[in-house]
Amino acid sequence: MTAIDPLDPAGVDDMLGADEKAVRDSVRRLCAELIDPYVATWFEDGDLPSVREIATEFGKLGLLGMHLEGYGCAGMSAVDYGLACMELEASDSGIRSLVSVQGSLAMFAIRRHGSEEQRREWLPRMATGEAIGCFGLTEPDHGSDPGSMRTRARRDGSDWILDGRKMWITNGLVADVAVVWANTEEGIRGFVVPTTAPGFSAPVMKHKLSLRASITSELVLDGVRLPADAAFPEVRGLRGPLSCLNEARYGIVWGAMGAARSAFAAALEYAGQREQFGRPIAGFQLTQAKLARMATELTNGRLLALHLGRRKDAGAVRPHEISMGKLNNVAKALDICRTARTILGANGVSLEYPVIRHMTNLESVLTYEGTEEVHLLTLGRALTGQNAFH
Ligand code: TGC
Ligand code: FAD
């Protein structure tokens, strides 16, 4: 029998071009050096101590805002960006989050909706990692329903005054710039807020048992005065933030498969080495059934991600397709991690192995960027034409 690559038993890699494989391999190499030796400790400590150094190294490789054009961004394809997300999340979902929030949320918002001055001021520094961004949409009382947000921006002469609170904001404490969405007399608008602005603070959120190698904060806006040109000039309404979420959700479609691949690889290796009843547990039919199902779902998930990536590069992908991808791939990644955990027995709950870390991280990934229910209803709305939200 010909030997197969157990991490790619159906040859999905054959659908990638040489340049795409080179992008993937360079991200994989950087993560192996910069993240993998340390990430379990960061997770255990509930911190990301070297976030600035990581951002700078990612910037050197062109990973920050890598699918954006101009202003120092790498201008890579959606598939390249997806492959990068998969490698980053194979290291840790928190590391992919750092890059998602920077590139797909904060930078994308400024690139798509910002004025020329806002782009020139922030994007080149964000692309190198010198400046870190965050994206404030969720509030304590408004998560799935951001349209009801209470954060408010009012005029004072030509200035804006922002008051309100955002919650669960990735990178908040370490950010140099926050893209904040607030209600105004003209509906929801986006604001570019330097985090040094008086009245702005970002108290860190503690007690997370998921995504621990990631900094999560509240954003407190207490009479933050901004000049007239701090607002995104054109975009009004939820369309603004949701256009950014499409980008980040797309990255998660790939990223989740990275976390799942890492858990699968750990389980496969463990099953080959661990002996019970005088033989490797990989020889038991029930273990093989688990591994076969995991490999099949990994393959399905990667195919869906690649399909959506090719459609995104062709300008054809629609939001409900991204909902389908996030819905499927995060749920399947969680299943894979949970099954991997059982194969490792008691070792499955130890941070000596990556499995429980990925599994608990994915609980956050299931909820953020639209919960499973939000994506089910978004897909349901597209299928039936009936809006179940309102
Ligand atoms: P709805 O009436 O559906 O839409 C309002 C306006 O938005 C437009 N729209 C979209 N535009 C672009 N992309 C999309 N995916 C869009 N979906 C809707 C829509 O056409 C409409 O435009 P217009 O011009 O007609 O006004 O709004 P709704 O209030 O019914 O809400 C729909 C719903 C529930 C799907 C939406 O609110 C939603 O997606 N909620 C989930 C919120 C969410 O995902 N929050 C994520 C916060 S950020 C985060 O989690 C970062 S995690 C860190 C990391 O990524 O690592
Ligand atoms: P809720 O909206 O209160 O939902 C609670 C439950 O009710 C869920 O199961 C939900 O699906 C369900 N539900 C709600 N509405 C319906 C409905 N109509 N039908 C059926 N069920 C429904 N946000 C940001 O803005 N920026 C960030 O950087 C960011 N980073 C995050 C990092 C982490 C680690 C986490 C955990 C979250 C982060 N978030 C961020 C917030 C995240 O986007 C929200 O948690 C998410 O949108 C869900 O909102 P919620 O937690 O308020 O839950």
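Residues numbered from 1 in each chain as written. Chains lettered and ligands numbered in written order. Predicted model: local features only at pLDDT ≥ 70, side-chain atom pairs only at ≥ 80, totals over all residues. Heavy atoms only, no water.

### Describing the pattern of salt bridges
Rule in force here: The salt bridge criterion pairs a side-chain nitrogen of Lys or Arg with a carboxyl oxygen of Asp or Glu, the two atoms within 4 Å. A run of DSSP states H or I qualifies as a helix once it reaches four residues; a run of E qualifies as a strand once it reaches two. Both are numbered from the N-terminal end. The rule is simple: take the accessible area with a 1.4 Å probe, protein chains only, and divide by the maximum for that residue type; under 20% is buried, over 50% is exposed, in between is partly exposed.
Overall, the coordinates contain 25 salt bridges when judged by the stated rule. Across the pair aspartate 8 and arginine 302 runs a salt bridge whose closest N-O atoms are separated by 3.5 Å. Linking aspartate 8 in the segment before helix 1 (18-34) with arginine 302 in helix 8 (residues 285-313), this pair joins segments that are 294 residues apart in sequence. Arginine 302 matches aspartate 8 in its accessibility class, with the two residues each being buried. Note that aspartate 159 is salt-bridged to arginine 225, the shortest N-O span being 2.9 Å. Of this pair, aspartate 159 sits in strand 3 (residues 159-170) while arginine 225 sits in strand 7 (residues 216-226), and the two are 66 residues apart along the sequence. On the basis of relative accessibility, which here comes to 45%, the residue arginine 225 falls in the partly exposed class. Because the salt bridges share partners, they merge into one network encompassing Asp8, Asp13, Arg24, Asp25 and Arg302.

### Here's the deal with the site of ligand 2
Rules: By convention in this text, a residue qualifies as near a molecule or strand provided that one of its non-hydrogen atoms is within 4 Å of it. Under the rule applied, a polar contact is a pair of N or O atoms within 3.5 Å (in protein, one hydrogen donor and one hydrogen acceptor; residues adjacent in sequence only if both atoms are side-chain atoms). Areas reported here follow the Shrake-Rupley algorithm with a probe of radius 1.4 Å; residue values treat only the protein chains shown as occluding.
For ligand 2, the set of nearby residues contains 17 residues, the closest of which are Thr138, Ser144, Trp168, Thr371 and Glu373. For ligand 2, an oxygen atom lies 2.7 Å from a polar atom in the side chain of serine 144. Taken by itself ligand 2 offers 980 Å² of open surface, and the protein chains cover 67% of this. Mapped by element, the contributors of at least two residues to the shell around ligand 2 are strand 3, helix 10 (355-367) and helix 11 (372-384). No other element matches the three residues that strand 3 contributes to the shell around ligand 2.

### Looking at the site of ligand 1
As a reminder of what qualifies: Classification used: nonpolar for Ala, Val, Leu, Ile, Met, Phe, Trp, Tyr, Cys and Pro, charged for Asp, Glu, Lys and Arg, polar for all others including Gly.
Near ligand 1 you find 26 residues, and of these Ser97, Asn246, Arg249, Glu369 and His390 are the closest. Note that an oxygen atom of ligand 1 is positioned 3.0 Å from one of the side-chain N or O atoms of arginine 239. Glycine 370 places a polar main-chain atom, nitrogen or oxygen, 2.9 Å from an oxygen atom of ligand 1. Protein chains shield 75% of the accessible area of ligand 1, which is 1100 Å² for the free molecule. Counting residues per element, the ones that place at least two in the shell around ligand 1 are helix 5 (93-113), helix 7 (239-273) and helix 11. Top contributing element to the shell around ligand 1 by residue count: helix 7, with six residues. Across the shell around ligand 1, the residue classes tally to eleven nonpolar, ten polar and five charged.

### Concerning the side chain of glutamate 139
Heads up, the condition is: The criterion used for residue contact is that any of the two residues' heavy atoms lie within 4.5 Å.
Its place among the elements puts glutamate 139 in the loop between strand 1 (133-136) and strand 2 (152-156). Exposure remark for glutamate 139: the relative accessible area of 5% places this residue in the buried category. Only 3.0 Å separates the side chain of glutamate 139 from the side chain of lysine 166, close enough to count as a polar contact. Discounting residues that sit within four places of it in the chain, glutamate 139 has contacts with Met149, Arg150, Thr151, Arg165, Lys166 and Met167.

### Side note on the packing of aromatic side chains
Defined as follows: Two aromatic rings from Phe, Tyr or Trp, using only the six-membered ring of Trp, form a pair when their centres are within 6.5 Å; if the ring planes differ by under 30 degrees the pair is stacked, by over 60 it is edge-to-face, and anything between is tilted. Both a distance and an angle decide whether a charge sits over a ring: NZ of Lys or CZ of Arg must be within 6 Å of the ring centre and within 35 degrees of the ring normal.
Inspection of every chain in the model, using the stated rule, returns seven aromatic pairs. These aromatic residues form a ring-pair network of at least three members: Phe135, Trp181 and Phe232. Stacked on the ring of tryptophan 122, the Lys or Arg arginine 125 has its end atom at 4.7 Å from the ring centre. Geometry around tyrosine 250 places lysine 312 over its ring, the cationic atom sitting 5.5 Å from the centre.

### Notes on the environment of serine 97
Its place among the elements puts serine 97 in helix 5. Owing to a relative accessible area of 1%, serine 97 belongs among the buried residues under this scheme. Along the primary structure serine 97 and aspartate 176 are separated by 79 residues, whereas in three dimensions their C-alpha atoms are 17 Å apart. Serine 97 has contacts with Thr170, Leu211 and Tyr368, leaving out every residue within four places of it along the chain.

It is worth stressing that arrangement in space is one thing and function is another; only the former is reported here.
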